[in-house]
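# Structural characterization, general
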Amino acid sequence: MALLKLPNSPEKVRQPAKSNSPGQLICKTANAILNRQYVLGIQRLECLWENGILTITGRVPLYYHKQLAQQLILDANISGINLLVNEVEVC
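Residues numbered from 1 in each chain as written. Predicted model: local features only at pLDDT ≥ 70, side-chain atom pairs only at ≥ 80, totals over all residues. Heavy atoms only, no water.

### Considering the overall build of the chain
Convention followed: Counting from the N terminus, the helices are DSSP H or I runs at least four residues long and the strands are E runs at least two residues long. Categorising residues by exposure relies on relative accessible area from a 1.4 Å probe, with only protein chains included: less than 20% of the type maximum marks a residue as buried, more than 50% marks it as exposed, and the intermediate range marks it as partly exposed. Note on definitions: a residue-residue contact is assigned when non-hydrogen atoms from the two residues lie within 4.5 Å. Methods summary: accessible areas were calculated by the Shrake-Rupley approach with a probe of 1.4 Å, and residue burial reflects only the protein chains presented.
Along the chain, the regular secondary structure elements total three helices and six strands. The order of α-helices and β-strands along the chain, N terminus first, is β-α-α-β-β-β-α-β-β. Counting every position in the chain, which comprises 91 residues, the buried fraction comes to 43%. For the chain, the share of sequence-separated contacts (at least 6 apart) that also reach a separation of at least 24 residues comes to 63%. For the chain, the computed accessible surface area is about 5500 Å², with 54% contributed by carbon and sulfur atoms.

Here it is, written out as structure tokens:
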């Protein structure tokens, strides 16, 4: 699995329309992983999926939280993700 930081791209699909599509399941799985964490900032992050690219978005107070969210998704080895983009803002 590759890791890449891309500039803001125009259109992102939050969740595919079909309820049982692979993209929908990938988003649900990734969001569930983040929601299980004890760190409140990580629980508020959102995952977007488009054509094999999973993007983590949202805001966290610490850079550590941004990196932790990314590592949690990478460690989960979710099939169907070809690229992980971390667009989480630290503020």
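What follows continues from the structure just given.
### Looking at the nonpolar core
We apply this condition: Here, nonpolar core means buried Ala, Val, Leu, Ile, Met, Phe, Trp, Tyr and Cys residues that are tied together by side-chain atoms lying within 4.5 Å of each other.
Ranked by size, the top nonpolar core spans 21 residues in total, and within it Leu-34, Leu-45, Leu-54, Ile-56 and Ile-73 carry the most contacts. Counting only elements with at least two residues in this core, the list comes to α1 (22-35), β2 (46-50), β3 (53-57) and α3 (63-76). Counting residues per element, this core draws most heavily on α1, at five residues. Setting aside its immediate chain neighbours within four residues, Leu-45 contacts Asn-31, Leu-34, Ile-56, Thr-57, Gly-58, Arg-59, Val-60, Ala-69 and Val-88.

### With respect to the environment of Ile-53
Inspection of the secondary structure assignment puts Ile-53 in strand β3. With a relative accessible area of 27%, Ile-53 lands in the partly exposed category. Distance from Ile-53 to Ile-81, taken between C-alpha atoms, is 5.9 Å for residues 28 residues apart in sequence. In contact with Ile-53, not counting residues within four places along its chain, are Leu-48, Leu-83 and Val-85.

### Considerations on the packing of α1 against α3
Under the convention used in this document: Angles here are taken between N-to-C directions and fall from 0 to 180 degrees, while the axes themselves are lines fitted to C-alpha atoms, restricted in helices to the stretch in contact. Any angle from 65 to 115 degrees is called roughly perpendicular, while one under 35 is roughly parallel, one over 145 is roughly antiparallel, and all others are oblique. A crossing counts as left-handed when the near helix is turned anticlockwise from the far one by less than a right angle, and as right-handed when that turn is clockwise.
Close contact between α1 and α3 brings their axes to 10 Å; oriented N to C, the two are set at 125°. One way to sum up the angle between α1 and α3 is to call them oblique. Considering the relative orientation of α1 and α3, their crossing is right-handed. The residues of α3 that touch α1, namely those facing Ala-30, Ile-33 and Leu-34, are Ala-69, Leu-72, Ile-73 and Ala-76.

### Section: unusual backbone geometry
Positive phi outside glycine occurs at Asn-51, with the angle close to 50°. In this structure, Asn-51 sits in the loop between β2 and β3.

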